[in-house]
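A structural walkthrough
The lines below spell out each chain.
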Amino acid sequence: MPLVIELNKISQINKYKKENLIETFIIGIEHLSLDSKLKLTIEEAKEAIELIHKNKKKVCINCNRVFHENEIQQAIEILNNININNIDYLMFSDFGIYQTFKNKVEMIYYAPTYLTNSKDVNEYQKIFKNVVISNQITVDELKNIIQNNKNNYIDTFGRNAIFYSKREILTNYFLYRNQKYNPKSDNYYLIEEYRNERYPILEDESGFHLYEYGFYYLLEELNELNINENKFIIHTNFLNKKESEEIINIYLSYLKEEKTLDKALELLFNLNLPIYKGAYDLKTVLLKSEVKTNA
Amino acid sequence: MLKKVELLAPAGNLEKAKIALIYGADAVYVGGKQFSLRARASNFTIENLKELVLFAKKLNKKVYVTTNIIPHDEDLTGLEEYLLNLEQIGVNAIITSSLHIISTAKRITKNLEVHLSTQMSSSNSQTLSFYQDLGVSRVVLAREVSLKEMKEISQKSNVELEVFIHGGMCVSYSGKCVLSNHLSLRDANRGGCAHSCRWNYHLYQGNRKLTKKHEFFNMGSKDLMALRFIPDLIDMNIASLKIEGRMKSSYYLATIVRCYRKAIDLYYEKGNLTEEEIEKLIIEINKAENRQTSFGFYKGKTTIEQQLFDTRNETPTKEYVGHIIDYNPETKIAVVEQRNYFEIGDTLEFFGPNLENTYLKLEKMRDKETGEELSVARHPLQLILIEVPFKVSKDDMIRLVLNKS
């Protein structure tokens, strides 16, 4: 059962209850989760957890923020209120969260920029058991890591934050320009002066976040990624309900062999979303002189 | 008795490292040819490191080597040999962000300390206890940690704390930014950062462009200058005060290190720093600082005052004109290596680790090679003979006093 789905709507818990390929639902919680489209209050989270378990699925709480000294106490209180004993996994990136809850719940280390090589993945697995391999490496590097490590989590679809600042850069911009700012809007984008790609912005209590311009995906590569040994995460941030379910359905139908690869790819690209390989197809260099340009 | 706080300076090459130590740093951190961020710095061969360690040890000072990239598989070749070499030549510590490098160093070396890089953005005391369990002896805190938070963390942690006090600041949490990767293909976490956060952007809401013509959305931040907070940092028993800038010049390092050295020593001597002393040191710092500065996150949440808008403010300083190669106290002739244009009639300011700022109006100078009298010193690295009536020493530096209209 390799799929881990980040919930986009509560209704999806019932919608997918009979899908055996979906093992775990990730739920976002207010004040704890970056990225999650769905961020629940404590009471909503308790209800969601109960429903997920009733449907014989597992629950993973997304707690992937950076926490400062005064913030981590709030996080601990929230998780204790939800009742940490009642969840299956806690997804974290801050080791303060790990230190606090390590003996109470199974943890999944999620830090997209860090787990970039086989040896670090191996070391972290010794401590945390569950890690999500970086999505900022090439597919070949990913394959190499998987050959050397088992039972990995792999980011399979989503839109990654490529910049995470504690500064309220968007708020400060509007203040400086003396312009009106709608903090509830999720429709702000940046375009670099000499480029065309649109990079979405989200700003909240945790800071300013800039996202990659498209949704990365892995599909044709799945057969080479040891489907039976690893787990595959589908993130649904920046998607509406319909879009998220279409994507989940594409992966389900492909993995159940109800659709061919070509058909699945066709459906994916017909969604009218900016879909690309992301960093999985991005061979980075160190020096400007090493960057090849298309003349 | 509590250990005295360490002043830690960066160095991109051997000359800069020696200057930083001479000018008052207690330790320097440098990058080797492998495993280090700042691919564009000259970086150190093992032979360079050997020479630096010998130099530092004579002064009873320390050398740390950064192994702080977030490595891909291809980057880890030769790690064990490299770490053993570092230990063998006497490097005091590595600064790293990779768990694999931490565990390898702890496994195969006995005397090499492991410091955790700011790349891991450590910002709470529970995180520090995680690393302490792994054998890390010092943690470089995230630059986003406020002074108040530093105090709370220091009270709850047994591991040494190192904090940034001066220099460039990442706008994103360190280690969590791949903006440069996506915009320029240059890997921010392996030494190739293109500083894309300082570029110009247009802001849109949906399809509506909000930035006006000639106005951009900027993310860049002012550099950090935390001189005022030195007393607080010493009082809360921070182990090390870190200056950023492995790409910076010797002149910059000499000026900045000297000022912070003075601040630290004055505080230990008197128990306080007056506003006058602080202002004087800030004026001195600004002679080498070519970017706008602020206090970063020291006072908590940042505002527009800590950000840069509408401007690329890096103006090259032209004040640094030379440094002393040699001085004969009997003839009072100094051999000066030219670093920028200066001429007869200029007022020169001499300074050094043991020399307070002293002024000289230049009336005569000769080319050392030809003996010819000069009216201008125009050639880089030209050796000039100048009569200096007060004692100067090798590695003292010279500024041009600019007339401000």
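The preceding data block contains the structure.
The notes below deal with the structure included here. All values derive from a computational prediction rather than experimental measurement. Here, residues in each chain are numbered from 1, in the same order as that chain's written sequence. Following the order in which they are written, the chains are lettered starting with A and the ligands numbered starting with 1. Totals for whole chains, interfaces and linings use every residue, but because this is a predicted model, local features are given only for residues with pLDDT of at least 70 and side-chain atom pairs only at 80 or more, for both listing and counting. Water and hydrogen atoms were dropped before computing side-chain values, which therefore reflect all heavy atoms in the structure.

**With respect to the overall build of chain A**
Each helix is a run of H or I in the DSSP string that is no shorter than four residues. Each strand is a run of E no shorter than two, and both are numbered from the N terminus. A tally of helices and strands in chain A yields 9 helices and 15 strands. With the radius of gyration taken over C-alpha atoms, the globule rule is written as 2.2 Å times the number of residues to the power 0.38. The C-alpha radius of gyration of chain A comes to 19 Å, within 12% of the 19 Å expected for a compact globule of 295 residues. Counting only C-alpha atoms, chain A reaches 55 × 50 × 40 Å along its principal axes. Relative accessibility decides the category of a residue: with a 1.4 Å probe and only protein chains considered, values under 20% of the type maximum give buried, values over 50% give exposed, and everything between is partly exposed. For chain A, buried positions account for 61% of its 295 residues. It only takes one pair of heavy atoms within 4.5 Å for two residues to be counted as in contact. Excluding contacts between residues fewer than 6 apart, the proportion of contacts in chain A whose partners are at least 24 apart in sequence is 65%.

**Side note on a negative patch on the surface**
Patch construction takes residues with relative accessible area above 30% that form no salt bridge. Like charges are linked within 9 Å, and nonpolar side chains (Val, Leu, Ile, Met, Phe, Trp, Tyr) are linked within 5 Å. Reported accessibility uses the Shrake-Rupley method at a 1.4 Å probe radius. Residues are deemed covered only where the shown protein chains occlude them. We define a salt bridge as a side-chain nitrogen of Lys or Arg found within 4 Å of a carboxyl oxygen belonging to Asp or Glu. We count Lys and Arg on the positive side and Asp and Glu on the negative side, and we leave His and both chain ends out. Note that the charge is assigned to NZ on lysines, CZ on arginines, CG on aspartates and CD on glutamates. A surface patch of like charges, here negative, comprises Glu-30, Glu-44, Glu-47, Glu-50 and Glu-205 of chain A. By the element assignment, Glu-47 of chain A lies in helix α2 (residues 42-54).

**As for the packing of helix α1 (residues 14-22) of chain B against helix α2 (residues 46-58) of chain B**
All names here are of chain B. Here, axes are lines fitted to C-alpha atoms. For helices the fit covers the stretch in contact, and angles between N-to-C directions go from 0 to 180 degrees. Following both chains from N to C, one finds α1 and α2 inclined at 10 degrees, their axes separated by 10 Å at the closest point. The angle between α1 and α2 falls in the class roughly parallel. As α1 runs across α2, the sense of the crossing is right-handed. Residues Leu-14, Ala-17, Lys-18, Leu-21 and Ile-22 of α1 pack against Asn-48, Glu-51, Leu-52, Phe-55 and Ala-56 of α2. Relative orientations are named as follows: roughly parallel for angles under 35 degrees, roughly antiparallel for angles over 145 degrees, roughly perpendicular for angles from 65 to 115 degrees, and oblique for any other angle. In this scheme the handedness of a crossing depends on how the near helix is turned from the far one: anticlockwise by less than a right angle means left-handed, clockwise means right-handed.

**Describing the sheet that holds strand β11 (residues 199-204) of chain A**
Hydrogen bonding along the main chain pairs the strands of a sheet, whether they run parallel or antiparallel. Taken together, 6 strands build an open sheet; the order of strands is β9(A)-β12(A)-β11(A)-β10(A)-β8(B)-β9(B) and the sheet is antiparallel. Where the open sheet ends on each side, the last strands, each with one partner, are β9 (161-165) of chain A together with β9 (208-209) of chain B. The pairing criterion is simple: DSSP has to find at least two bridges between the two strands. Bridge count for strand β10 (residues 188-192) of chain A against strand β8 (residues 201-205) of chain B is 5 bridges, and the pairing is antiparallel. In the strand pairing of β8 of chain B, Glu-192 of chain A is matched with Tyr-201 of chain B. Contacts between helix α7 (residues 169-177) of chain A and the sheet are confined to β9, β10, β11 and β12 (207-211) of chain A together with β8 of chain B, with β11 of chain A contributing the most and set at about 90 degrees to the helix.

**Side note on the interface of chain B and chain A**
Across the boundary between the two partners, chain B contributes 81 residues, which contact 73 residues of chain A. Buried area between chain B and chain A, summed over both chains or domains, comes out near 6900 Å², and the portion from carbon and sulfur atoms is 56%. In this assembly, chain B and chain A are joined by 5 salt bridges. For the purposes of these results, a polar contact is taken to be a pair of N or O atoms within 3.5 Å, where, inside protein, one atom must be able to donate a hydrogen and its partner to accept one; residues adjacent in sequence count only when each atom of the pair is a side-chain atom. Counting across the chain B and chain A interface gives 42 residue pairs in polar contact (both at pLDDT 80 or more). Where the side of chain B that touches chain A is concerned, the elements lending two or more residues are α4 (99-108), α5 (125-133), α6 (147-156), α7 (179-184) and β8 of chain B. No other element matches α5 of chain B, which puts 7 residues into the side of chain B that touches chain A. Only Asp, Glu, Lys and Arg are considered charged, only Ala, Val, Leu, Ile, Met, Phe, Trp, Tyr, Cys and Pro nonpolar, and every remaining residue, Gly among them, polar. Among the residues forming the side of chain B that touches chain A, the class breakdown is 32 nonpolar, 33 polar and 16 charged. Buried area: the accessible surface (1.4 Å probe) lost by two parts on joining, summed over both.

**A closer look at the packing of aromatic side chains**
A pair of aromatic rings is counted whenever rings of Phe, Tyr or Trp (Trp by its six-membered ring) have centres within 6.5 Å, and the orientation is called stacked for planes under 30 degrees apart, edge-to-face for over 60 and tilted otherwise. Counted by the stated rule, this structure contains 38 aromatic pairs over all chains. Note on Tyr-216 of chain A and Tyr-280 of chain A: the rings are 5.9 Å apart at their centroids and 80 degrees apart in plane angle, and the pair reads as edge-to-face. Here the residue Tyr-216 of chain A occupies a position in strand β13 (residues 215-217), and Tyr-280 of chain A occupies one in the segment after β15 (275-276), the gap between them amounting to 64 residues. Each member of the pair Tyr-216 of chain A and Tyr-280 of chain A is classed as buried. Between Tyr-23 of chain B and Phe-351 of chain B, the aromatic rings sit 6.2 Å apart at their centres with planes inclined by 65 degrees, giving edge-to-face as the arrangement.

**Looking at the environment of Asn-148 of chain A**
Residue and element names in this part refer to chain A. Mapped onto the elements of the fold, Asn-148 is located in helix α6 (residues 139-148). Separated by 90 residues in the primary sequence, Asn-148 and Phe-238 place their C-alpha atoms 33 Å from one another. Looking at Asn-148, its side chain comes within polar contact range of the side chain of Ser-118, at 3.4 Å.

**Some thoughts on the environment of Glu-197 of chain A**
Residue and element names in this part refer to chain A. Among the structural elements, Glu-197 can be located in the loop between β10 and β11. In this structure Glu-197 comes out as partly exposed when scored by relative accessible area, which is 27%. Separated by 17 residues in sequence, Glu-197 and Gly-214 place their C-alpha atoms 8.8 Å apart.

**Brief notes about the side chain of Ser-240 of chain B**
Residues and elements named next belong to chain B. Mapped onto the elements of the fold, Ser-240 is located in strand β11 (residues 240-243). Judged by relative accessible area, which is 0%, Ser-240 ranks as buried. At a separation of 2.7 Å, a polar atom in the side chain of Ser-240 contacts the side chain of Glu-6. Beyond its immediate sequence surroundings of up to four residues, Ser-240 is in contact with Val-5, Glu-6, Leu-8, Arg-138, Leu-161, Glu-162 and Val-163.

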